[in-house]
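Chain by chain, the residues run as shown.
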Amino acid sequence: MKVYWTETAVENFSAIYTYIAQTSPQYAVRIVDRITRRSEQITNFPLSGRIVSEFETEQIREVIEGSYRIIY
């Protein structure tokens, strides 16, 4: 599977970094790295996430990284 980031996802990702970097640039980099690694997990194991209950379809899944929900 190939992961494509939507424009909204990229904006949210940037906002997460910017917000955290205000108090801890080092932690912001770590969070960005962790979320990026999760997208690599999705590439290699597309069924590793759980089904998103709001959509009730097996094609829409999510993984959790810290307090962030990554829906794909």
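Details of the structure are given in the entry above.
Here we summarise the structure given alongside this text. In this text the structure is predicted, and so the values were computed from the model without any measurement.

### Focus: the sheet that holds strand 2 (residues 61-65)
Spatially, the 3 strands line up as an open sheet ordered 1-2-3, and their pairing is antiparallel. Here the strands that pair on one side only, and so sit at the sheet edges, are strand 1 (50-51) and strand 3 (68-71). Bridge count for strand 1 against strand 2 is 2 bridges, and the pairing is antiparallel. Across the sheet, residue R50 finds its bridge partner in strand 2, namely E62. Relative to the sheet, helix 2 (residues 25-44) contacts strand 2 and strand 3, its axis offset from that of strand 2 by approximately 150°.

### Brief notes about helix 2
Taking 1.5 Å of rise per residue, the 20 residues of helix 2 would be expected to cover 28 Å, and the 29 Å separating its terminal C-alpha atoms lies within 8% of that figure. Of all the residues in helix 2, the buried ones are A28, I31, V32, I35, R38, S39 and I42. Within helix 2, the buried residues cover an arc of 115° as seen down the axis, which keeps them to one side. Seen from the open side of helix 2, the exposed residues pointing more than 90 degrees away from its buried face are Q26, R30, R37 and N44. For helix 2, the secondary structure elements touched by its buried residues are helix 1 (7-21), strand 2 and strand 3.

### Looking at the pattern of salt bridges
One pass over the structure, following the stated rule, counts 5 salt bridges. Linking E54 and R69 is a salt bridge whose minimum nitrogen-to-oxygen distance equals 2.9 Å. In this pair, E54 is assigned in the loop between strand 1 and strand 2 and R69 in strand 3, connecting sequence segments 15 residues apart. Judged by its relative accessible area of 52%, E54 is exposed. Sharing partners across several salt bridges, the network here consists of R50, E54, E62 and R69.

### Points about unusual backbone geometry
You will see that E56, though not glycine, has its phi angle at about 50°, which is positive. Here E56 is to be found in the loop between strand 1 and strand 2. Overall, E56 belongs to the exposed group, its relative accessible area being 72%.

### A short note on the nonpolar core
In a soluble, globular protein the nonpolar side chains are often hidden away together inside. In terms of nonpolar packing, the biggest core is built from 11 residues, these being F13, I16, I20, A21, A28, I31, V32, I35, I42, V63 and I70. Looking at this core, the elements that each hand over two or more residues are helix 1 and helix 2. Considering each element in turn, this core owes the most residues, 5 residues, to helix 2. If sequence neighbours within four positions are ignored, I31 has contacts with I16, I20 and Y68.

Rules and cut-offs
- Residues numbered from 1 in each chain as written.
- Predicted model: local features only at pLDDT ≥ 70, side-chain atom pairs only at ≥ 80, totals over all residues.
- Heavy atoms only, no water.
- Pairing = 2+ DSSP bridges.
- Helix = DSSP H or I, 4+ residues; strand = E, 2+ residues; numbered from the N terminus.
- Contact = heavy atoms within 4.5 Å.
- Axes fitted to C-alpha atoms, helices over the stretch in contact; angles between N-to-C directions.
- Expected span 1.5 Å × (residues − 1).
- Buried < 20%, exposed > 50% of the residue type's maximum accessible area, 1.4 Å probe, protein only.
- Arc of directions from axis to C-beta.
- Salt bridge = Lys/Arg side-chain N within 4 Å of Asp/Glu carboxyl O.
- Core = buried A, V, L, I, M, F, W, Y, C linked by side-chain atoms within 4.5 Å.

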